[in-house]
Amino acid sequence: MVARMPLRQYWDLLVDYLRPEWPKATLLAVLLLSSIGLQLLNPQIMRSFLDSALGGAPLSLLTRYALLFIGIGLLTQALSVATTYVGQDVGWSTTNRLREDLARHCLGLDLAFYHDRTPGELIERLDGDVTALANFFSQLVIRVFGSALLLLGTLVVLFHEDWRVGLVLTVFATVAAIVLNRARDVAVPQQRAERQASAKLFGFLEERLAGLDDIRANGAGNYTMLRFHERMHDLFIKGRRAMVLRSITWVLTLGLFAIGTALTLGMSAYLFLTGAISIGTVYLFFQYTQMLESPLDQITNQLQDLQRATASIQRIQELRRVQARIQDGPGASLPDGALPVEFDHVSFAYADQTTDRLVLNDLSFRLAPGRVLGLLGRTGSGKTTISRLIFRFYDPTTGTIRLADADTRQARLAELRRRVAIVTQDVQLFSATVRDNLTLFDRALSDARILEVIRELGLDDWYAKLPEGLDTRLASGGAGLSAGEAQLLAFVRVFLRDPGLVILDEASSRLDPASEQLIVHAVDKLLQNRTGVIIAHRLATVQRADEIMILDDGCIQEHGERAELLGDPASRFSQLMRSGWQESLA
C-alpha cells in the first residue's frame with residue numbers, strides 16, 4: 001500500500017512560501033474565477049444562437065449572439081494568458097525563496113554532512129527538486145480549486161436545465177473524482193526513486209568531471225563510461241516506471257469520459273425525440289459534458305504534478321530535517337588580541353568510527369597567547385583534526401577545548417570563526433574580482449583598507465602585476481593563478497579579518513621556492529601579536545614555531561620549547577631534524 005503524505009505538510013509548505021506573495025496569489029485567483037464564469041456563459045449564448053437560428057430569428061440578432069460569443073472567447077483566452085503569466089511569476093518567486101532557505105540550511109550543517117553527499121547530489125536537491133515544485137506553488141491549489149468550482153457550476157446549471165441529466169452526470173462526476181483520487185499517489189514511490197537516480201547521476205558527473213585529468217592520464221575512460229551508462233540506465237528504468245504509473249490517471253480519464261459522453265448523448269437524444277428539449281439544449285448538454293471533462297482533466301493533471309511534487313517535497317523535507325550536531329553557543333565572549341588555546345583531556349572519533357578508533361586520544365596542552373605551535377606527525381596522526389576541532393567543524397567526543405578560558409561550545413559560531421582563521425593549501429577562489437575574493441563579498445571593507453593590508457604584508461609587487469588592480473576578475477577556481485598567488489590572496493583575507501588565532505594547515509607545502517619567499521614575510525607579519533598553530537611540512541616553516549608538538553596515533557609523543565627540544569640529542573624532534581624530518585614523517 002502506498003503511504004500517503006499528510007495534507008498538513010502540503011498546506012504548511014504553501015502557507016509558508018505563498019504568504020509573501022498573497023497580492024499576486026489573490027490576483028491569480030480573481031483571473032481564474034473570472035475565466036470560469038465566462039466559460040459557463042458561452043454555451044448559453046451558443047444555445048440561444050442555435051434555437052434562434054432554427055426559429056427564424058433576424059440576422060441582426062444572430063450577429064449579436066455571434067459577436068458576443070467571439071468576444072467572450074477572446075476575453076477568456078486573454079484571461080488564460082494573464083493567469084499563466086501571474087502563475088509563473090508566483091511559482092518562480094516562491095521556489096527561489098525555497099532554494100535560498102535550503103541553501104542557507106545546508107550551509108549551516110556540519111562538515112560530516114558534506115562528506116556523505118556529492119556536490120552534484122546537492123545541486124539536484126536544491127535545484128531539481130525545487131524546480132519540480134514550481135507548478136505546485138503557482139497553480140496547483142488554485143487550479144484544483146478553480147476546476148472544482150467550474151465542475152460544481154456546470155452541475156448546478158445542468159440540474160437547472162433538467163434534473164435527470166444533472167443527477168446522472170453528478171453521479172458520474174462523483175465516481176470519476178473518487179477513482180482519480182484513489183490513483184493520486186500511485187506513482188509517488190517510483191517518482192521519488194527517479195529523483196534519487198537523477199541525483200546520483202549528477203553526483204557521478206560532478207565527480208568525474210572534476211577528476212577528468214586523472215581519468216585521462218590513467219586510462220580510466222572506458223571504466224568511467226561504463227559506470228555512466230549504468231547510472232543512465234538506472235535513471236531510464238526508474239523514469240519509465242514512474243511515467244507509466246503517472247499515465248494511469250490519464251488512461252482512467254479517457255475511459256471515464258468516453259462513458260460520460262455516451263450517457264449524455266443517449267439521454268439528450270431521448271429527451272429531444274420526446275420533445276422535452278430543443279436542439280440548442282442538446283448542444284448545451286453536450287457542451288457542458290465536455291466542460292466536465294476539462295475540470296476533471298485539469299484536476300487529473302494537477303494530481304500528476306502533485307505526485308511529482310510529493311516526491312520532491314518528501315526529499316526536501318528529509319533535507320530540512322537534517323540538523324547540525326554543532327549548535328550555536330549561548331554567547332561566551334572572546335577578547336580582542338591573541339587568544340590562548342587549551343586542550344583539556346580531549347578525545348575525538350569521527351561519527352563513522354567507533355570510540356575504540358580515536359583520532360585523538362586524551363590530549364592535554366596549553367598554548368599561551370602570542371605563541372606559535374608547530375604540529376608535526378605522520379599522516380593520520382590527528383594534526384588536521386586538531387585544527388578542525390578548534391574551528392568547531394566538530395566537537396570533541398570527550399574533554400574540553402578553551403579559547404581565552406571560554407569553552408568553544410559556549411561561544412557564538414560567528415564570533416568564534418571571526419576570531420579564528422584557517423589557511424590551507426587548497427584556497428577556494430570564486431569567479432569574481434580580486435576585491436570580492438579578498439573580502440569574500442563584504443562591502444563594508446573599503447578599498448583603502450584592502451590596499452593598506454597589501455602594503456603591510458609587503459605584497460606591493462604582486463599587486464602591481466594585476467592588470468586592473470582590485471577590479472581584476474578571476475576565473476572560477478583561480479584558473480590562471482599560481483599556487484603561490486592563491487596563497488597570497490588567502491593571507492590577505494585572513495589579515496583583513498584580524499583574528500586572534502591563526503591556523504596554517506600545510507599552507508606552504510606545494511609552493512615553489514620563489515613563491516615561498518613571497519609568503520615568508522606575509523606569514524611573519526600575520527603571526528605578529530597573534531597565537532599561531534602551524535601544521536608544518538617544511539623546515540623553514542617549523543623554525544617560526546616557539547613550541548613543537550609531535551603527534552603519533554592521536555597521542556602527544558613530544559611537546560616542548562623548540563629551542564630546548566632541538567638542543568636535546570635524545571628528543572624525537574632533534575632526531576628528526578638531523579635525519580631530514582620530511583622523509584621521517586612520511
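Look above for the structure.
None of the values given here were measured: they were computed from a predicted structure.

**Side note on the pairing of strand E7 (residues 501–505)**
Here is step 1 of the chain: Counting buried positions over the five residues of E7 gives five, a clear majority of the element.
Here is step 2 of the chain: On E7, burial covers both faces: Leu501, Ile503 and Asp505 on one face and Val502 and Leu504 on the other are all buried.
Here is step 3 of the chain: In terms of strand pairing, strand E6 (residues 420–424) meets E7 through five bridges, oriented parallel. Bridge assignment links Val420 to a residue of E7, and that residue is Leu501.

**Some words on the pairing of strand E3 (residues 372–377)**
Here is step 1 of the chain: The element E3 is extensively covered by neighbouring structure, given that six of its six residues are classed as buried.
Here is step 2 of the chain: Both faces of E3 are covered, namely the face carrying Val372, Gly374 and Leu376 and the face carrying Leu373, Leu375 and Gly377.
Here is step 3 of the chain: As paired elements, E3 and strand E8 (residues 531–535) share four bridges and run parallel to each other. Bridging across to E8, Gly374 finds its partner in Ile534.

**Quick look at the layout of surface pockets**
Over the atoms, a rolled probe matching the size of one water molecule traces out where space is still vacant.
Here is step 1 of the chain: If you add up the space inside the largest pocket, you get close to 1,700 Å³.
Here is step 2 of the chain: Residue lining of the largest pocket: 35 residues in total, with Phe391, Phe393, Ile422, Leu440 and Arg497 positioned closest to the centre.
Here is step 3 of the chain: Secondary structure elements with two or more residues in the lining of the largest pocket: helix H4 (111–115), helix H12 (383–390), helix H13 (413–419), E6, helix H14 (434–439) and helix H17 (483–497).
Here is step 4 of the chain: The element best represented in the lining of the largest pocket is H17, accounting for five residues.
Here is step 5 of the chain: For the lining of the largest pocket, the residue count by class is 18 nonpolar, seven polar and ten charged.
Here is step 6 of the chain: Taken as a whole, the second largest pocket holds about 460 Å³ of empty space.
Here is step 7 of the chain: Around the second largest pocket, the lining comprises 24 residues; the ones closest to its centre are Ser35, Gln39, Thr76, Leu150 and Ser294.
Here is step 8 of the chain: Among the secondary structure elements, those contributing two or more residues to the lining of the second largest pocket are helix H2 (22–54), helix H3 (59–107), helix H6 (134–161) and helix H11 (279–321).
Here is step 9 of the chain: The residue inventory of the lining of the second largest pocket, partitioned by class, reads ten nonpolar, 13 polar and one charged.

**Quick look at the packing of H3 against helix H5 (residues 119–131)**
Here is step 1 of the chain: Close contact between H3 and H5 brings their axes to 10 Å; oriented N to C, the two are set at 155 degrees. The pairing of H3 with H5 is recorded here as roughly antiparallel in orientation. As for how H3 packs across H5, the hand of that crossing is right-handed. Listed contacts from H5 to Trp92, Thr95, Leu98, Arg99, Leu102, Ala103 and Cys106 of H3 are Leu126, Asp127, Val130 and Thr131.
Here is step 2 of the chain: Of the residues assigned to the contact of H3 with H5, the class counts are seven nonpolar, two polar and two charged.

The rules behind the values
Residues numbered from 1 in each chain as written. Predicted model: local features only at pLDDT ≥ 70, side-chain atom pairs only at ≥ 80, totals over all residues. Heavy atoms only, no water. Buried < 20%, exposed > 50% of the residue type's maximum accessible area, 1.4 Å probe, protein only. Helix = DSSP H or I, 4+ residues; strand = E, 2+ residues; numbered from the N terminus. Pairing = 2+ DSSP bridges. 1 Å grid on protein atoms, 1.4 Å probe; cavity = no way out; pocket = protein on both sides within 12 Å on 5 of 7 lines; lining within 4 Å. Points joined across faces, edges and corners; volume = space filled by probe spheres on them. Nonpolar A, V, L, I, M, F, W, Y, C, P; charged D, E, K, R; others polar. Axes fitted to C-alpha atoms, helices over the stretch in contact; angles between N-to-C directions. Parallel < 35°, antiparallel > 145°, perpendicular 65-115°, else oblique. Left-handed = near helix turned anticlockwise from the far one by under 90°. Contact = heavy atoms within 4.5 Å.

In short, shape yes, function no, at least from these values alone.
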